[in-house]
Amino acid sequence: MRDRFLTGMLTGGIIGASAGLYAMSRMSSRQRKRFMRRGGKMLKSATRVIGMTRGMNIF
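Calculation criteria
Residues numbered from 1 in each chain as written. Predicted model: local features only at pLDDT ≥ 70, side-chain atom pairs only at ≥ 80, totals over all residues. Heavy atoms only, no water. Helix = DSSP H or I, 4+ residues; strand = E, 2+ residues; numbered from the N terminus. Areas by Shrake-Rupley, 256 points an atom, 1.4 Å probe, with all protein chains shown as cover. Patch = residues over 30% accessible without salt bridge, like charges linked within 9 Å, V, L, I, M, F, W, Y side chains within 5 Å. Salt bridge = Lys/Arg side-chain N within 4 Å of Asp/Glu carboxyl O. Buried < 20%, exposed > 50% of the residue type's maximum accessible area, 1.4 Å probe, protein only. Lys, Arg positive; Asp, Glu negative; His and termini not counted. Charge placed at Lys NZ, Arg CZ, Asp CG, Glu CD.

### Examining the overall build of the protein
In terms of regular secondary structure, the protein is built from two helices and zero strands. Per element, the accessible surface of the protein, about 5700 Å² overall, is 64% carbon and sulfur.

### A short note on a nonpolar patch on the surface
There is a patch of nonpolar side chains on the surface, built from Phe 5, Leu 6 and Met 9 and spanning about 290 Å² of accessible area. With respect to the helices, strands and loops of the structure, Phe 5 is situated in helix α1 (residues 2-25). On the basis of relative accessibility, which here comes to 38%, the residue Phe 5 falls in the partly exposed class.

### Structural notes on a positive patch on the surface
There is a patch of like positive charges on the surface, built from Arg 30, Lys 33, Arg 34, Arg 37, Arg 38, Lys 41, Lys 44 and Arg 48. By secondary structure assignment, the location of Arg 34 is in helix α2 (residues 29-55). What makes Arg 34 partly exposed here is its relative accessible area of 44%.

What follows is the structure in structure tokens.
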């Protein structure tokens, strides 16, 4: 079960990253700057959530 979950998370991460790169290549420079600011905030909150789940021993 754990192996399938980690495989799914890894696959989803790769798909998400490639979709993000494609979207960034289609943006103007102004949109790209706004996206990068928003992406940094999302990354900080995601690392905070991952830290909380590790503390609860969910994974």
